[in-house]
Amino acid sequence: MATVEMLMPKMGESIIEGTILTWLKKEGDTIEQDESVLEVATDKVDTEVPAIHGGVLKKILAKEGEVVAVGAPIALIETEGSENTSSGPSITKTEPKEELIAAAPAQTQTILASSPSTSISNEGDGRFYSPLVQSIAKEENISKAELAGIPGTGKDGRVTKQDMLNYVKNRGSQTHVSSTQTAPTPASIFTTSPSRVEVSISAHDEIIEMDRMRKMISQRMVDSKRISPHVTSFVEADVTNIVLWRNKMKDSFKKKEGEALTFTPFFIEAVAKAIKDFPMINISVDGDKIIKKKDINIGVAVALPTGNLIVPVIKNADQLNLTGLSKKVNDLANRARNNKLSPDELSGGTYTLSNVGSFGNVMGTPIIMQPQVAILAVGAIQKKPAVVETPTGDVIAIRHKMFLSHSYDHRVVDGSLGGMFVRRVADYLEAFDLESEI
């Protein structure tokens, strides 16, 4: 028999750690190769991790709630074969952080070296607090001194996620630690939070705990409104040609490609073309520097069955035709709803599209996905009487129209650019060729 280490896998370019959510197997269980063994959460997505070796789960090294660096051992698997087998690495004492830094590019080395998740031992109490624990403490306005007094059930007495949740639940009956334990709070760990609003609760109210994704969305939306001064411009577009063409082609497309032809690919195509015309929409802000993105990676907001929202990204969207965009949109949307996306498919976006029309809304004021500087919401397509210019004069006709709502970061995008961009998107939609082929 041989024992091999199961390591925290790399789950995306920008992912350097993950939080153990749930072990799907327990010690002593037999596991097959590629069988899901545990669920891991990153700041991008929750995902199941399969075993790279078959055998017996001999020992779990990382408990639920622990934050583990990519490449660090999380379990031991006993496999059939000799100790010299090449089917997996032998057990060795490793220092994941140092190995990762040595193998990482310069930018990642800086992140790892300065990241609280890998190097912080908080002053005053000498305890390690994971980013997840720090995030909960910040959200619940738990002071440094108060945090120091929370008993830890994790490895080496570390405070785990469950410890924090139990403490918050029973916080009212907890006795705060003495002020003599108070230590300076590093600015990189805790920042000033607005006071919580007192909420009155009646006997018939239902209290629902936010899930992890809802908390993440909540924090990111608040951060975006704090970071970016939002301005929204509106344009009404005549999409009659697109509606007529889609109605004519959707059955043959379904038969040929085996999937539905929605309106979303048309919107993405128009956005990608407009970005090429106005590349200063495809930027990010880094302090007092503007980062102009070469790639056009368009995120598409997808509503999940849970009511939460996720934004998978179509990389190099300008290089795909209508059929390619349709296949990509359908694939990402289906896998998003089934929690099958990888972290890489949720990162790297340079612009975002939100289809509020799918809920029957005619327009909206979307919130920017940081660190992007703009987002477009497309409303419901409605039949309306409109004045149409013809060679023989103006006539009243029934047209298919929709509103485009363009929110942008006024730090770097002025009204002229923001307004011209959304107008150009509308122009591309209105100019769709009825003679187009699939």
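Reference entry: report on the structure contained in this document. (Residues numbered from 1 in each chain as written. Predicted model: local features only at pLDDT ≥ 70, side-chain atom pairs only at ≥ 80, totals over all residues. Heavy atoms only, no water.)

A closer look at the sheet that holds strand S3 (residues 30–31)
Strand order in the open sheet made by the four strands is S1-S8-S6-S3, with antiparallel pairing throughout. Sheet topology places strand S1 (2–7) and S3 at the edges, where each strand pairs with a single neighbour. Where strand S6 (residues 55–60) and strand S8 (residues 73–79) come together, four bridges link them in antiparallel fashion. Each residue of the ladder has a partner; that of Lys 59, found in S8, is Leu 76. (Pairing = 2+ DSSP bridges. Helix = DSSP H or I, 4+ residues; strand = E, 2+ residues; numbered from the N terminus.)

Brief notes about the packing of aromatic side chains
This structure, assessed with the given rule, holds six aromatic pairs. Relative to Phe 266, the ring of Trp 245 has its centre 5.8 Å away and its plane inclined at 80 degrees; by these criteria the two rings are edge-to-face. In this pair, Trp 245 sits in helix H8 (residues 240–257) while Phe 266 sits in helix H9 (residues 264–277), placing the two residues 21 residues apart along the sequence. Note on accessibility: Trp 245 and Phe 266 belong to one class, buried. Considering the side-chain rings of Phe 263 and Phe 266, the 6.4 Å spacing of their centres and the 50 degrees angle between planes classify their relative orientation as tilted. Through a chain of ring-to-ring contacts, three or more aromatic side chains come together here, namely Trp 245, Phe 263, Phe 266, Phe 267 and Phe 432. A cation sits over an aromatic face here: Arg 246 above Phe 263, 4.5 Å from the ring centre. (Phe/Tyr/Trp six-rings, centres within 6.5 Å; stacked < 30°, edge-to-face > 60°. Buried < 20%, exposed > 50% of the residue type's maximum accessible area, 1.4 Å probe, protein only. Lys NZ or Arg CZ within 6 Å of the ring centre and 35° of its normal.)

Some points on helix H11 (residues 415–430)
For H11, built from 16 residues, the straight-helix expectation of 22 Å at 1.5 Å per residue is met to within 8% by its first-to-last C-alpha distance of 22 Å. Every buried residue of H11 is listed here: Leu 417, Gly 418, Phe 421, Val 422, Val 425, Ala 426 and Leu 429. Considering only its buried residues, H11 is in contact with strand S9 (230–238), H8, H9, strand S16 (351–355), strand S17 (374–378) and strand S19 (393–409). (Expected span 1.5 Å × (residues − 1). Contact = heavy atoms within 4.5 Å.)

Comments concerning the pattern of salt bridges
Within this structure, the stated rule accounts for 15 salt bridges. One salt bridge connects Asp 29 with Lys 26, and the closest N-O pair in it is separated by 3.6 Å. Under the relative-accessibility criterion, Lys 26 is labelled exposed at 56%. The salt bridge partner of Arg 423 is Asp 427, with a shortest N-O separation of 3.1 Å. Residue Arg 423 and its partner Asp 427 are located together in helix H11, separated by four residues, close to a single helical turn. A relative accessible area of 30% means that Arg 423 is categorised as partly exposed. (Salt bridge = Lys/Arg side-chain N within 4 Å of Asp/Glu carboxyl O.)

Quick look at the nonpolar core
The tendency in soluble globular proteins is for nonpolar side chains to be buried side by side. Counting 54 residues, the largest nonpolar core has Ile 268, Leu 376, Leu 404, Phe 421 and Val 425 as the members making the most contacts within it. Here this core takes eight residues from H9, the largest share from any one element. Not counting the four nearest positions on each side in its chain, Ile 268 is found in contact with Ile 298, Val 300, Ile 314, Ala 317, Leu 325, Val 329 and Leu 353. Listed in part, the 20 residues of the second largest apolar core include Ile 31, Val 40, Ala 72 and Ile 74. (Core = buried A, V, L, I, M, F, W, Y, C linked by side-chain atoms within 4.5 Å.)

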